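One-letter residues, chain by chain:
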Amino acid sequence: MIPDAEQANTGELLDNTPEDTLRLWEVLFGDQTGYLKTFTGEQARFSNPSARQNELTRVANRTWRYPEQAPPAAAYLIRQSNMRKDSYFGVHLYRSTGAGRLAADAVDLVRALWVDGDGAKVPAPWPLPSAVVHSSHGREHFYWTLEQPIPAREAVKLNKRMAVAMGADRGKAGLSTVLRAPDTLNYKRDTPELVTMEITGGRYTANEIDSVVPELPVVLPRVCPGRLATKRPPWAKHIKSREFDLVEWMGIWGVPAGSEVMDSKGRKWRLLECPIAPPGKEHSDGVYIGHHASGAPWFQCYHDHGQGYTWQDVRPIFQPGCYIPWWVGVVSKSA
Ligand SMILES: [Zn+2]
């Protein structure tokens, strides 16, 4: 049932149950086994009126065995929501109980594709999504169940192609993405909105989706920023240096980016989790990633532990091996 805004505002307990979340997980994970991740946090503006919209505080990451612990995990998300926390779950399973949500820890095969429409809609000729979650008025998350699981990296490529073609949020196409759980409340705006869901139950082959979604626009080979910029292969001399695409990088490597924050000098995004926080010091406030007007990326955590950390330190946390010189790969391939 959909409560009216009054009811949500007065903090009465909603008539919400974990059933929809459990049904959604069935659509996404099918008979897969692994570890499910949940992420919850409270809008920082509840305790600090000057906090930015959707800046979360008191964040909690939890790991659950799937499918055994799916019912308690879904019930936990509803409880957290009733305690005025925004409730999210990881859109694919993980291989271990390790802390955080590392792309490298994703299960090898995924059962479903996902797109955070962020207001964009699925074009009519495309397969009808298997599940649609209405995260707030006019904004949906779309999921497509696959007949056969496909490698996670292939799924990310398809997600990204769909997001780009739709004009959706490219930053949520990658591994490690979390999206809102149905039947929880979205506290981003002053009037909380109930997150609702529809399931059509459609199932598609990856080929069916691949055949209708346009390829990504062709771009010149990437030139890595920072340290690698000085180690370009000789044949790359004539390739015009291209601005590092931070949005794309965050999507590919599953960076938990929140909303874009206004910045006079370039673009910047809030991170939903600090990637360098020591155990017990996890936080989602005061941690940003962005790029200068020149295109050069930067990272900043304003907590004590963030002192001295830069983009150069944070990049390999998400993209292991990014500083291995280009010629190492060439040598090992030819060996
Ligand atoms: Zn930090």
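A quick note: this is a predicted structure, and the numbers were derived from the prediction, not measured. (Residues numbered from 1 in each chain as written. Predicted model: local features only at pLDDT ≥ 70, side-chain atom pairs only at ≥ 80, totals over all residues. Heavy atoms only, no water.)

Novice: I tried to follow helix H2 (residues 19–29) on my own but got confused; where do I start?
Specialist: Since one α-helical turn is 3.6 residues long, residues separated by three or four positions face the same way. With 8 of 11 residues buried, H2 lies mostly within the body of the structure. Listing the buried residues of H2 in full gives Asp-20, Thr-21, Leu-22, Leu-24, Trp-25, Val-27, Leu-28 and Phe-29. The first or second residue beyond H2 is Gly-30, which carries a positive phi of 55°. (Buried < 20%, exposed > 50% of the residue type's maximum accessible area, 1.4 Å probe, protein only. Helix = DSSP H or I, 4+ residues; strand = E, 2+ residues; numbered from the N terminus.)

Novice: Looking at this structure, how should I read the layout of surface pockets?
Specialist: Summary: where empty space remains is shown by rolling a probe the size of a single water molecule over the atoms. The space that makes up the largest pocket amounts to roughly 680 Å³. Lining the largest pocket are 34 residues; nearest its centre among them are Asp-116, Asp-169, Lys-172, Gly-258 and Ser-259. Of all the elements in the fold, those that place two or more residues in the lining of the largest pocket are strand S5 (131–136), strand S6 (139–151), strand S7 (178–180), helix H6 (246–252), strand S12 (257–261) and strand S13 (266–271). The dominant element in the lining of the largest pocket, judged by the number of residues it contributes, is S12, at 4 residues. Taken together, the residues that form the lining of the largest pocket break down as 11 nonpolar, 11 polar and 12 charged. When residues are assigned to domains, the lining of the largest pocket turns out to be shared by domain 1 (17–212) and domain 2 (226–334), each giving three or more. Volume-wise, the second largest pocket comes out at about 440 Å³. If you trace the second largest pocket, you find 20 residues lining it, with Ala-99, Gly-100, Arg-101, Glu-273 and Cys-274 closest to the centre. Of all the elements in the fold, those that place two or more residues in the lining of the second largest pocket are strand S1 (34–43), strand S2 (56–66) and helix H7 (311–318). (1 Å grid on protein atoms, 1.4 Å probe; cavity = no way out; pocket = protein on both sides within 12 Å on 5 of 7 lines; lining within 4 Å. Points joined across faces, edges and corners; volume = space filled by probe spheres on them. Nonpolar A, V, L, I, M, F, W, Y, C, P; charged D, E, K, R; others polar. Domains from an automatic or database assignment.)

Novice: What am I meant to see in the sheet that holds S2 here?
Specialist: In a beta sheet, neighbouring strands are held together by backbone hydrogen bonds and run either parallel or antiparallel to one another. Strand order in the open sheet formed by 4 strands is S2-S1-S3-S7, and the pairing between neighbours is antiparallel. Strand pairing shows two members of the sheet lacking a second neighbour, S2 and S7, which therefore form its edges. When the angles between neighbouring strand axes are averaged without regard to direction, this sheet yields 30°. Alignment of strand S3 (residues 86–90) against S7, held across 3 bridges, turns out to be antiparallel. Counterpart to Phe-89 in the pairing with S7 is Leu-179. Most of the contacts of H2 go to S3, to which it runs at about 25°, and overall it touches S1, S2 and S3. Along the sheet face, helix H3 (residues 70–82) touches S1, S2 and S3 and points at about 165° away from the line of S2. (Pairing = 2+ DSSP bridges. Axes fitted to C-alpha atoms, helices over the stretch in contact; angles between N-to-C directions. Contact = heavy atoms within 4.5 Å.)

Novice: Explain empty space enclosed by the protein here, please?
Specialist: Tallied over the entire structure, the rule returns 1 cavity of 30 Å³ or more. Its boundaries defined by the atoms lining it, the largest cavity holds a volume of some 40 Å³. Forming the boundary of the largest cavity are Leu-28, Phe-29, Gln-32, Val-91, His-92, Leu-93, Val-110, Arg-111, Ala-112 and Trp-114. Of all the elements in the fold, those that place two or more residues in the lining of the largest cavity are H2 and strand S4 (109–116).

Novice: Which parts of the structure should I look at to understand the environment of Leu-28?
Specialist: Examined against the element boundaries, Leu-28 turns out to sit in helix H2. Sequence spacing of Leu-28 and Trp-114 is 86 residues, and the spatial spacing of their C-alpha atoms is 9.0 Å. Every residue in contact with Leu-28, bar those within four places of it in the chain, is listed here: Phe-89, Val-91, Arg-111, Ala-112 and Tyr-143.

Novice: Help me out: how do you make sense of the coordination of the zinc ion in this one?
Specialist: Between any two of four tetrahedral donors, the ideal angle at the metal is 109.5 degrees; between two of six octahedral donors, it is 90 or 180 degrees. In the first shell of the zinc ion, the protein supplies Cys-274 (SG), His-283 (NE2), Cys-301 (SG) and His-305 (NE2), at 2.0 to 2.3 Å from the metal. Here the zinc ion binds 4 donor atoms, and the angle range of 100 to 121° at the metal identifies the geometry as tetrahedral. Positions of the donor residues of the zinc ion along the chain correspond to the pattern C-x8-H-x17-C-x3-H. Taken together, the residues span a long stretch of sequence, with Cys-274 in the loop between S13 and strand S14 (287–292) and His-305 in the loop between strand S15 (297–301) and H7 at a distance of 31 residues. Taking relative accessible area as the criterion, His-305 reaches 19% and is therefore assigned buried. (Donors = N, O, S within 2.8 Å, 3.2 Å for Na, K, Ca; no water. Tetrahedral: all angles 85-135°; square planar, octahedral: opposite > 155°, others 65-115°.)

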